[in-house]
Amino acid sequence: LVNPHTGVALQECPTCRGAIGSTAPSYTVRNIIDALPVSCTHAARGCEQKVKRGDLETHAATCGFAEVACTHAGCAATVCRRDLEAHVASCEWRVVPCPEGCGEDVTWRDLPGHFVTECRKREVVCGKCGTKR
């Protein structure tokens, strides 16, 4: 840019005072672009939200359609953030107290085996006399 009155090349932008010819972004252009409406990055998973480009990162961090991992050790499932609570409550890797009251905490998926071989409250029948304990 050249000053029309003096003919001298300008060293800085008269609007934002950024260096002319620098690779620094134009704040005006950045503000215009950040105000544009864009689709959520999780649109393919079902989010229909349109947000300002400048707010996209904030929205994506809390979007109900973001893919999140199950919090239970051993579970490799990933679900939408909005479905996580329901998944965690029914996950086969959730830890539950033994329903027979033996005091052990067991993963849901291991309960059948626990009842048969490990539960201290399981009924055991003596192979010789038939007594149950």
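Now for a description of the structure that goes with this document.

Conventions we followed
Residues numbered from 1 in each chain as written. Predicted model: local features only at pLDDT ≥ 70, side-chain atom pairs only at ≥ 80, totals over all residues. Heavy atoms only, no water. Core = buried A, V, L, I, M, F, W, Y, C linked by side-chain atoms within 4.5 Å. Buried < 20%, exposed > 50% of the residue type's maximum accessible area, 1.4 Å probe, protein only. Contact = heavy atoms within 4.5 Å. Helix = DSSP H or I, 4+ residues; strand = E, 2+ residues; numbered from the N terminus. Salt bridge = Lys/Arg side-chain N within 4 Å of Asp/Glu carboxyl O. Disulfide = S-S within 2.5 Å.

**Some words on the nonpolar core**
Membership of the largest hydrophobic core is limited to five residues, which are Cys40, Cys47, Cys63, Phe65 and Cys80. Excluding residues within four positions of it along the chain, Cys63 makes contact with Cys40, His42, Cys47 and Arg81.

**Some details on the side chain of His114**
Along the chain, the position of His114 falls in helix H4 (residues 111-118). On the accessibility criterion, His114 (1% relative accessible area) is buried. What His114 contacts, discounting residues up to four positions off in sequence, is Cys98, Cys102, Glu104, Val106 and Cys119.

**Things to note about the pattern of salt bridges**
Inspection of every chain in the model, using the stated rule, returns four salt bridges. Note that Arg53 is salt-bridged to Asp34, the shortest N-O span being 2.6 Å. With Arg53 in the loop between strand E2 (50-52) and helix H2 (56-62) and Asp34 in helix H1 (residues 27-34), this pair connects stretches of sequence that are 19 residues apart. Look at Arg53 and you get partly exposed, because its relative accessible area is 43%. Of the charged contacts, one joins Arg120 and Glu104 as a salt bridge, the two residues approaching to 3.2 Å between their closest N and O atoms. Remark: Glu104 occurs in the loop between strand E5 (95-97) and strand E6 (105-107) and Arg120 occurs in the segment after H4; sequence separation between them is 16 residues. Taking relative accessible area as the criterion, Arg120 reaches 55% and is therefore assigned exposed.

**Regarding the state of the cysteines**
Counting across every chain of the model gives zero disulfides. Left without a disulfide partner, Cys47 is nearest to the cysteine sulfur of Cys63, which lies 3.7 Å away. With a relative accessible area of 8%, Cys47 lands in the buried category.

**Here's the deal with the environment of Cys102**
Position of Cys102 relative to the elements: it lies in the loop between E5 and E6. Accessibility expressed as a relative area gives 6% for Cys102, which makes it buried. For the pair Cys102 and Cys119, spaced 17 residues apart in the sequence, the C-alpha separation amounts to 6.3 Å. In this structure, Cys102 is in contact with His114, Cys119, Arg120 and Lys121, ignoring residues within four places of it in sequence.

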